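# Summary of structural features
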Amino acid sequence: MSSAKRVRHDWYLGGGLGLGGGNLRGTTGGGSVAATAWLRVGGRLREKVGLGGSLVSSFGGAGGSGVSGFTNLLAEALFFPVKGRGLGLGVGLGLSSAWLREPAADGTLVQKQSRVGGGLALGLGYDFWLARRFNLGLWLRGDASAGSYGVRTSGTFGLGFSWY
């Protein structure tokens, strides 16, 4: 009995969730807990290179200083440096929409206007093959939004899935 060959076909679809830290507090800045979710879709250019788009949303902050977050729409390149293995590197660049909620006098959080800027993503992960085309992976991500709210960043460690 032989097992099916593990392959990456001409397209991919994936996503994941992560938890970590960032500078996502409201007006006071500083460190905070960050949660990140991502979706990606694209195609394979070569055996070790994929190109597509991703949607990343990160939010965090706590306490009386408010919370903030951002959503990035990115063009993303995926690199798999070792053929047939799960090691992956991701780089993304695109647009970002950042938002900020600050406390009002009565203690409730008030939505401030969203602001558009640039977005950046970096990722390093390892996908474990669960089936011929399905992977479950551990990913270390760094995401950023730069705009009129300043630079908002998050670094998270998460669980991702991919269907190739």
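Conventions used here
- In every chain, residue numbers begin from 1 and rise along the written sequence.
- This being a predicted model, a pLDDT of at least 70 is required before a residue's local features are given, and a value of 80 or more before pairs of side-chain atoms are given or counted; all residues contribute to the totals for chains, interfaces and linings.
- Note that water and hydrogens are dropped before the side-chain values are worked out from all heavy atoms of the structure.
- DSSP-based pairing: two strands are paired if at least 2 bridges between them are found.
- Runs of H or I in DSSP of at least four residues are treated as helices and runs of E of at least two as strands, each being numbered from the N terminus.
- The rule is short: rings of Phe, Tyr and Trp, with Trp giving its six-membered ring, pair when the centres are within 6.5 Å, and they are stacked under 30 degrees, edge-to-face over 60, tilted in between.
- Burial classes follow relative accessibility: with a 1.4 Å probe on protein chains only, a residue under 20% of its type's maximum area counts as buried, one over 50% as exposed, and anything between as partly exposed.
- Each nonpolar core is a collection of buried residues, namely Ala, Val, Leu, Ile, Met, Phe, Trp, Tyr and Cys, held together in the definition by side-chain atoms within 4.5 Å.
- Polar contacts here mean pairs of N or O atoms no more than 3.5 Å apart (in protein, one a potential hydrogen donor and the other a potential acceptor; neighbouring residues in sequence count only if both atoms are side-chain atoms).
- In this analysis, two residues are considered to be in contact whenever any of their non-hydrogen atoms come within 4.5 Å of each other.

### Structural notes on the pairing of strand β2 (residues 32-46)
Sheet topology note: the strand β1 (residues 11-22)/β2 ladder contains 12 bridges and is antiparallel. Counterpart to Gly21 in the pairing with β2 is Val33. Note: β2 against strand β3 (residues 49-60), 12 bridges, orientation antiparallel. Its bridge partner lying in β3, Arg46 is registered against Val49. Adjacent in sequence and paired antiparallel, β2 and β3 are bridged by two residues.

### Topic: the packing of aromatic side chains
Scanning the model with the defined rule gives five aromatic pairs in all. A ring pair is formed by Phe80 and Tyr164, whose centres lie 5.9 Å apart and whose planes are at 85°; its orientation type is edge-to-face. In this pair, Phe80 is assigned in the loop between β4 (67-79) and β5 (87-103) and Tyr164 in the segment after β9 (150-163), connecting sequence segments 84 residues apart. Owing to a relative accessible area of 5%, Phe80 belongs among the buried residues under this scheme. Residue class for Tyr164 comes out buried when judged on its relative accessible area of 3%. When the centroid spacing of 6.2 Å and the interplanar angle of 50° are considered together, the rings of Phe134 and Trp163 count as tilted. Here Trp163 lies in strand β9 and Phe134 lies in strand β8 (residues 134-147), a separation of 29 residues in the sequence.

### Examining the nonpolar core
Leu24, Ala34, Phe70, Ala98, Leu100 and Tyr149 form the largest nonpolar core, which has six residues in total. The next biggest cluster of nonpolar side chains, apart from the first, holds five residues, and it includes Trp38, Val56, Ala121 and Trp139.

### Describing the side chain of Asp127
On the secondary structure map, Asp127 appears in strand β7 (residues 115-129). By relative accessible area, which is 1% here, Asp127 ends up buried. A polar contact of 3.5 Å, which involves the side chain of Asp127, links it to the side chain of Tyr164. Sequence-distant contacts of Asp127, defined by excluding residues within four places in its chain, comprise Phe80, Gly86, Asn135, Leu136, Gly137, Trp139, Ser162 and Tyr164.

### Digging into the environment of Arg46
For Arg46, the position within the fold is in strand β2. When the C-alpha atoms of Arg46 and Asp10 are compared, they prove to be 8.7 Å apart, with 36 residues separating the residues in sequence.

### So, the environment of Ala34
Here Ala34 is to be found in strand β2. Through-space distance from the C-alpha of Ala34 to that of Gly60 is 4.4 Å; in sequence the pair is 26 residues apart. When near neighbours in sequence (up to four residues on either side) are disregarded, Ala34 contacts Gly18, Leu19, Gly20, Gly21, Gly22, Leu24, Ser58, Phe59, Gly60, Ser154 and Thr156.

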